[in-house]
Amino acid sequence: MSSVENISSVNDLVIKFANVNGTGSASANNMFAKAVFRMGLSVSPKNIFPSNIQGLPTWYEVRISDKGYIGRRGGVDIMVCVNPQSMAKDIQEVLPGGYFIYDNTKPIDLRLLRNDITFIGLPLTKICLEEYTDPRQRQLFKNIIYVGALAAFLNIEFDVLTGLIADQFKGKEKLIAPNVHAMELGFQYAKENFACPLSITVERRDNLGEKILMDGNAAIGLGAVYGGATMAGWYPITPSTSVVEAFEKYCKRMRIDPGTGHKNFAIVQAEDELAAIGMVIGANWNGARAFTATSGPGVSLMSEFLGLAYFAEIPAVLVDVQRAGPSTGMPTRTQQSDVMACAYASHGDTKHVLLFPSDPKECFEMSAEAFDLAEQLQTPIIMLTDLDLGMNDNMSDPLEWDDEREYKRGKVFTAEELENMTERFGRYLDVDGDGIPYRTYPGTHPTKGSFFTRGTSRDEYAVYTEDGSEYVKNMERLLKKWETAKDYVPAPEIINTQGGSKVGVIHYGTSNASTLEAIDYLAEEGLAVDSCRVKAFPFNKEVEDFIESHDTVFVVEQNRDAQLRALLVNDCEIDPKHLVPVLWYDGMPITARYIQQKITEHIDDAKVTPIRHKKAKK
């Protein structure tokens, strides 16, 4: 170890693992993250993997914070590198004063060395060659050995790690002892050859309360079950595949009749995405609650049927787990790049309701709520998450459900109501002035309530017509329904400073954690900034009021073209100059330090003087 002035911190670090895809490293790295979590600390792991099966570089980044920050901070304090392919790049990522831990079985290229970080060599390959004869064991246990070394370096409680091994291999007890032994090899080597712990350590805390670690896709699958979904039509695509896999897993636990063994659910893997959404629309038209899950390329293929559901006013739920596009793009990287595509999916004048969850709890709640909204508004509801939220473990409040909750089916005539009806049933009549007509389920009444569902223009009684005035009347009613939707969708989360500021930030989805952390950094600099987290499109009046009450509003997004900003400009008729984009789209989650930097730069350049006050939640 060199004589570098090292970073000194307790429970405040970013550690990154550089591995080779397909070597089993993700399990070991995940074990490290869960060990820190079990020590009562906030933790945010990010698995960064390529789209091939194996052989290319993969990374796993873990944020640990005593203050509860769970977004990406920016910068790496400790790099654990066991991949020579990426070593040159990995060394450059380490912050001055940080540590670079590597496999020194073979000597490092001296040209890569830096004099402002500390290099720690662990002979991982040598230890495995001496200890194991099986090639696969040598590969897998190398990962466990460096986790053991990290326990010594960072002062992680060793019994927490052994407890995790016991949990992971429950039912396969013969694997427990070899894994514990491998971890001990790394722990003892670090203790015997280096001054442990390092200047960066972790200590047990009781900061988490009832917090859980869960990936967003699993939360959505469970939310769909609780939301009443009985059918999923889908076509596999990264990173959404595990949504339907989770739905199936939970259905097998909760939707099988214990007496008869009858399955009260249907999951159909279609031949393509267009067929999948078609099945979903058909099931919802027939009175079931059905959904599909996809990513950007799938949304493109589903657009035609999404237009049909919008125009024919058929409920449907679509989960879009976004990835980096266009085209195939970077299928295993995250972005918020489908906002415009989803908002206006289909040709013609079309607007779709969007939901933007930011953590697993909201994934669970919004997926259940989406089915209520779809039936109340008689339209597709699209929930946009992303790979970061969908496929990574995210820290969240526990999931909750009110067993007294009843599903909101919207305006549906019963057989009795149809029997007592004396006037003519009009499927597209606006009888309440909210733009939402009444509908019927097929077969509800033997002679009343039937209508022809079509994607062509029709009058209020579902009769085909190409009369321009009838078309205009229908399209204007759909706009009235759009205005009604503003009262149905989730309200924004607004945090104002005491006394208020003239500078605001709008953000959504997985930009939330990093944005709030950046606002704290700005407050430490004396810059007070209000925040508004948008949870849905259309935007309700609170969003418009937030913009109007601030001189400058930054819009934080993870895409190139400022897509949410464009929606705000179009839908709220905002002067584009009033909204300053803060954009990040390299496929990694946005960092707090980047947001802080961009806001500070603009404020300095524009000579804006925000009011300086402490934060106060609204």
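Rules used throughout
- Residues numbered from 1 in each chain as written.
- Predicted model: local features only at pLDDT ≥ 70, side-chain atom pairs only at ≥ 80, totals over all residues.
- Heavy atoms only, no water.
- Helix = DSSP H or I, 4+ residues; strand = E, 2+ residues; numbered from the N terminus.
- Rg over C-alpha atoms; globule rule 2.2 N^0.38 Å.
- Contact = heavy atoms within 4.5 Å.
- Areas by Shrake-Rupley, 256 points an atom, 1.4 Å probe, with all protein chains shown as cover.
- Lys, Arg positive; Asp, Glu negative; His and termini not counted.
- Charge placed at Lys NZ, Arg CZ, Asp CG, Glu CD.
- Axes fitted to C-alpha atoms, helices over the stretch in contact; angles between N-to-C directions.
- Parallel < 35°, antiparallel > 145°, perpendicular 65-115°, else oblique.
- Left-handed = near helix turned anticlockwise from the far one by under 90°.
- Nonpolar A, V, L, I, M, F, W, Y, C, P; charged D, E, K, R; others polar.
- Domains from an automatic or database assignment.
- Buried area = accessible area lost by both parts, 1.4 Å probe.
- Patch = residues over 30% accessible without salt bridge, like charges linked within 9 Å, V, L, I, M, F, W, Y side chains within 5 Å.
- Salt bridge = Lys/Arg side-chain N within 4 Å of Asp/Glu carboxyl O.
- Buried < 20%, exposed > 50% of the residue type's maximum accessible area, 1.4 Å probe, protein only.
- Polar contact = N/O pair within 3.5 Å; in protein donor to acceptor, adjacent residues only side chain to side chain.
- Expected span 1.5 Å × (residues − 1).
- pLDDT = per-residue confidence, 0-100.
- Pairing = 2+ DSSP bridges.
- Right-handed = clockwise from strand over helix to strand, strands pointing away.

Before going further, it helps to spend a moment on the overall build of the protein chain. Scanning the protein chain from N- to C-terminus turns up 19 helices and 23 strands. Here the C-alpha atoms of the protein chain give a radius of gyration of 27 Å, agreeing with the 25 Å that 2.2 N^0.38 yields for 618 residues. When contacts within the protein chain are restricted to residue pairs at least 6 apart in sequence, those whose partners lie at least 24 apart make up 76%. A total accessible area of about 26000 Å² is found for the protein chain, and carbon and sulfur atoms account for 50% of it. Separation of charge centres in the protein chain, based on 63 positive and 84 negative side chains, amounts to 3 Å.

Before going further, it helps to spend a moment on the packing of helix H5 (residues 158-168) against helix H6 (residues 176-193). Two numbers describe how H5 lies on H6: the axes approach to 9 Å, and their chain directions differ by 155°. By the angle between their directions, the pair H5 and H6 is classed as roughly antiparallel. Here the hand of the crossing between H5 and H6 comes out right-handed. Between H5, through Phe158, Leu161, Thr162, Ile165 and Ala166, and H6, the contact on the second element is made entirely by Ile176, Asn179, Val180, Met183, Glu184 and Phe187. Of the residues belonging to the contact of H5 with H6, the class tally is eight nonpolar, two polar and one charged.

Next up on the list: the domain arrangement of the protein chain. According to the domain assignment, the protein chain consists of domain 1 (9-201), domain 2 (214-396), domain 3 (415-488) and domain 4 (493-607). Counting from both sides, the interface comprises 22 residues of domain 2 and, opposite them, 26 residues of domain 3. Counting each side, the surface lost to burial between domain 2 and domain 3 is near 1900 Å², with a carbon and sulfur contribution of 58%. Looking at the side of domain 2 facing domain 3, the largest losses of area belong to Phe311, Glu313 and Leu377, adding up to 34% of the total buried there.

This part takes up a negative patch on the surface. Together, Asp402, Asp403, Glu404 and Glu406 line one region of the surface with negative charge. Turning to its location among the elements, Glu406 is positioned in the loop between strand E16 (393-396) and helix H14 (415-419). Glu406 sits in the exposed class, given a relative accessible area of 66%.

As a further point, take the environment of Tyr60. Tracing the backbone through its elements, the reader meets Tyr60 in strand E4 (residues 57-65). In this structure, the C-alpha to C-alpha distance between Tyr60 and Pro45, residues 15 residues apart in sequence, is 7.0 Å. Dropping the residues within four chain positions of it, Tyr60 is found in contact with Ile15, Lys16, Phe17, Ala26, Asn29, Asn30, Ala33, Pro45, Lys46 and Asn47. In this structure the side chain of Tyr60 is engaged in a polar contact, spanning 3.3 Å, whose partner is the side chain of Asn30.

What follows concerns helix H12 (residues 360-377). Between the first and last C-alpha of H12 there are 25 Å, a value that for 18 residues agrees with the 26 Å anticipated at 1.5 Å per step. With 16 of 18 residues buried, H12 is to be regarded as a mostly interior element. Among the residues of H12, the N-terminal cap falls to Asp359, whose side-chain oxygen and the backbone nitrogen of Lys361 are separated by 3.2 Å. Just beyond H12, the residue with positive phi is Gln378, at close to 55°.

A few words on the confidence of the model for the protein chain. Chain-level statistics for the protein chain give a pLDDT mean of 95 and a share of 98% at 70 or above. Taken as a whole, residues 611-618 scores under 50 in pLDDT and shows 29 contacts with residues more than four places along the chain or in a different chain.

Moving on to the pairing of strand E6 (residues 94-103). Burial within E6 is extensive, with eight of its ten residues counted as buried. Where strand E5 (residues 76-81) meets E6, five bridges bridge the pair, whose relative direction is parallel. Paired with Val80 across the two strands is Ile101, which belongs to E6. Read as a crossover between parallel neighbours, the route from E5 over helix H2 (residues 87-93) to E6 is right-handed.

Moving on, we come to the pattern of salt bridges. Under the defined criterion, the tally for this structure stands at 35 salt bridges. Between Glu248 and Lys252 there is a salt bridge, with the nearest N and O atoms lying 3.6 Å from each other. Separated by four residues within a single helix, Glu248 and Lys252 lie in helix H8 (residues 241-254), roughly one turn from each other. On the basis of relative accessible area, Glu248 is assigned to the partly exposed category, the value being 31%. Take Lys252: its relative accessible area is 46%, and that puts it in the partly exposed class. Across the pair Lys481 and Glu313 runs a salt bridge, and its minimum N-O distance is 2.8 Å.

Now for the pairing of strand E15 (residues 380-386). Across the seven residues of E15, seven count as buried, placing the element largely inside the fold. Burial along E15 is two-sided: Pro380, Ile382, Leu384 and Asp386 facing one way and Ile381, Met383 and Thr385 facing the other are all buried. When strand E13 (residues 316-322) meets E15, the two strands line up parallel, connected through seven bridges. Following the sheet pairing, Val317 is matched in E15 by Ile381. As paired strands, strand E14 (residues 353-355) and E15 are joined by three bridges and run parallel to one another. Bridge pairing links Leu355 to Met383 in E15.

Further remarks concern the sheet that holds E6. Taken together, six strands build an open sheet; the order of strands is E3-E4-E2-E5-E6-E7 and the sheet is mixed. Where the open sheet ends on each side, the last strands, each with one partner, are strand E3 (42-48) and strand E7 (118-122). The sheet shows a mean angle of 15° between the axes of neighbouring strands, taken without regard to direction. As defined by bridge partners, strand E2 (residues 12-20) adjoins E5 across four bridges and the pair is classed as parallel. What sits directly across from Phe17, in E5, is Val80. With respect to the sheet, helix H4 (residues 135-154) is in contact with E2, E5, E6 and E7, its orientation differing from that of E2 by roughly 160°.

What follows deals with the sheet that holds E15. The strand order across the open sheet built from seven strands is E11-E10-E12-E13-E15-E14-E20, with neighbouring strands paired in mixed fashion. Strand pairing shows two members of the sheet lacking a second neighbour, strand E11 (266-269) and strand E20 (536-537), which therefore form its edges. One ladder, built from four bridges, connects strand E10 (residues 231-234) with E11; its direction is parallel. Looking across to E11, one finds that Trp234 is bridged to Gln269.

Right, let's talk about the environment of Tyr594 for a bit. You can see Tyr594 is positioned in helix H19 (residues 592-606). In this structure, the C-alpha to C-alpha distance between Tyr594 and Gly74, residues 520 residues apart in sequence, is 7.4 Å. Apart from residues no more than four positions distant in its own chain, Tyr594 is found in contact with Val582, Leu583 and Trp584.

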